[in-house]
Protein chains: 2
Amino acid sequence: MTKTPPRAPFAYDGLDRAIHEKARLGVLTSLMAHPRGLAFVDLKTLCGLTDGNLSRHLQVLQEAGMVEIVKGYERNRPHTQCRLTAAGRQRFLDYLAVLEQVVRDAAAATREGSGGSSAEAPADSLRLRTA
Amino acid sequence: MTKTPPRAPFAYDGLDRAIHEKARLGVLTSLMAHPRGLAFVDLKTLCGLTDGNLSRHLQVLQEAGMVEIVKGYERNRPHTQCRLTAAGRQRFLDYLAVLEQVVRDAAAATREGSGGSSAEAPADSLRLRTA
């Protein structure tokens, strides 16, 4: 029903919905830099999230198999450690390749749009009457 | 209630929700390349969207003041033309600056994560017991 027509250069199907949420982008970037994991409290500070929000986003990432969460104790106090899984790392890298493509396309579009390339001619020839 | 703590380097507050949706990213990139506008049918093909999906996303962008939609006639047939507004163009450029930062941060995180920087030492010293 919602199949994507072929050759849609701006469909960006690779922008994985589990990742393409701004809080989760921050969480994954933080965890990528810390392959041995980050404490929940440190992740919260890095990403500017509340306890509730971070818990919710970690749950999405855990259910997607991208993050593992280890609850334990550190100096007799409860401590939660969060890590990227190997699959999560690979999936985030795949997503980033698409995100880089978006940035490249948009930069090219900005140049084309400013320069008034010959591709603009057909649009220019349109004569519309406001309905 | 949900205030952001200061100095949260991965909060990415600039990832404007009206823009940060994969279909709308495609729509805006397409329109950026065509400042004189695109026909609804061409935009649909470029972005791989159905009529219903494209209409819904254009409505969000129109309500945000980023896109203007002109309904008219072309050779006696109904024709809908879509254009970025000046404000929409600026807002998309601002968003793209943040998106580039995400890509840069993630690339740096990938390097740090692979290299095992000295910043990893504290995480390494954690000794967790599985709950």
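For the structure given in this document, a descriptive report is provided here.

What counts, and at which threshold
- Residues numbered from 1 in each chain as written.
- Chains lettered and ligands numbered in written order.
- Predicted model: local features only at pLDDT ≥ 70, side-chain atom pairs only at ≥ 80, totals over all residues.
- Heavy atoms only, no water.
- Salt bridge = Lys/Arg side-chain N within 4 Å of Asp/Glu carboxyl O.
- Helix = DSSP H or I, 4+ residues; strand = E, 2+ residues; numbered from the N terminus.
- Buried < 20%, exposed > 50% of the residue type's maximum accessible area, 1.4 Å probe, protein only.
- Phe/Tyr/Trp six-rings, centres within 6.5 Å; stacked < 30°, edge-to-face > 60°.
- Contact = heavy atoms within 4.5 Å.
- Axes fitted to C-alpha atoms, helices over the stretch in contact; angles between N-to-C directions.
- Parallel < 35°, antiparallel > 145°, perpendicular 65-115°, else oblique.
- Nonpolar A, V, L, I, M, F, W, Y, C, P; charged D, E, K, R; others polar.
- Pairing = 2+ DSSP bridges.

## A short note on the pattern of salt bridges
- In the structure shown here, the tally under the stated rule is nine salt bridges over all chains.
- Linking R17 of chain A and E21 of chain B is a salt bridge whose minimum nitrogen-to-oxygen distance equals 3.3 Å. Here R17 of chain A, found in the segment before helix 1 (22-32), pairs with E21 of chain B, found in the segment before helix 1 (22-33), and the two come from separate chains.
- A residue is classified by how much of its surface remains accessible, and R17 of chain A, at 55% relative accessible area, is exposed.
- Owing to a relative accessible area of 13%, E21 of chain B belongs among the buried residues under this scheme.
- In this structure, R75 of chain B and E74 of chain B form a salt bridge, with 3.9 Å as the shortest nitrogen-oxygen distance.

## Quick notes on the environment of A86 of chain A
- Relative to the helices and strands, A86 of chain A resides in helix 4 (residues 86-115).
- Counting along the chain gives 51 residues from A86 of chain A to P35 of chain A, while the straight-line C-alpha distance between them is 9.6 Å.

## Focus: the packing of aromatic side chains
- Enumeration over the complete set of coordinates arrives at four aromatic pairs over all chains.
- With centroids separated by 6.2 Å and ring planes inclined at 55°, the aromatic side chains of F10 of chain A and Y12 of chain A adopt a geometry described as tilted.
- With centroids separated by 6.2 Å and ring planes inclined at 10°, the aromatic side chains of F92 of chain B and Y95 of chain B adopt a geometry described as stacked. Separated by three residues within a single helix, F92 of chain B and Y95 of chain B lie in helix 4 (residues 86-115), roughly one turn from each other. Both residues of the pair, F92 of chain B and Y95 of chain B, count as buried.

## Here we look at the environment of L25 of chain A
- In this structure, L25 of chain A sits in helix 1.
- Through-space distance from the C-alpha of L25 of chain A to that of L96 of chain A is 10.0 Å; in sequence the pair is 71 residues apart.
- Those residues within four positions of L25 of chain A in sequence are excluded, and the remaining contacts are I19, F92 and Y95 of chain A together with Y12, L15, H20 and V102 of chain B.

## Quick look at the packing of helix 1 of chain A against helix 3 (residues 51-63) of chain A
Residue and element names in this part refer to chain A.
- At a minimum axis distance of 10 Å, the contact between helix 1 and helix 3 shows a crossing angle of 75°. Accordingly, the angle class assigned to the pair helix 1 and helix 3 is roughly perpendicular. For the pair helix 1 and helix 3, contact is made by A23, R24, V27 and L28 and by L54, H57, L58, V60 and L61, respectively.
- In terms of residue class, the contact of helix 1 with helix 3 is made up of seven nonpolar, one polar and one charged.

## Regarding the side chain of D16 of chain B
- You can see D16 of chain B is positioned in the segment before helix 1.
- Setting aside its immediate chain neighbours within four residues, D16 of chain B contacts R91 and Y95 of chain B.

## Structural notes on the sheet that holds strand 3 (residues 77-84) of chain A
Residue and element names in this part refer to chain A.
- Strand order in the open sheet formed by three strands is 1-3-2, and the pairing between neighbours is antiparallel. What marks the edges here is a single partner per strand, and that holds for strand 1 (38-39) and strand 2 (67-74).
- Pairing of strand 2 with strand 3 involves eight bridges; the strand directions are antiparallel. Across the sheet, the residue bridging to K71 is T80, located in strand 3.
- Each of strand 2 and strand 3 touches helix 3; the most contacted strand, strand 2, lies at about 125° to it.

## Quick word on the packing of helix 2 (residues 40-47) of chain B against helix 3 (residues 51-63) of chain B
All names here are of chain B.
- As a packed pair, helix 2 and helix 3 sit with axes 10 Å apart at the nearest point and diverge in direction by 105°. Taken as axis vectors, helix 2 and helix 3 run roughly perpendicular relative to one another. Here helix 2 contributes F40, L43 and K44 to the contact with helix 3, which in turn contributes D51, L54, S55 and L58.
- Its residues assigned to classes, the contact of helix 2 with helix 3 comprises four nonpolar, one polar and two charged.

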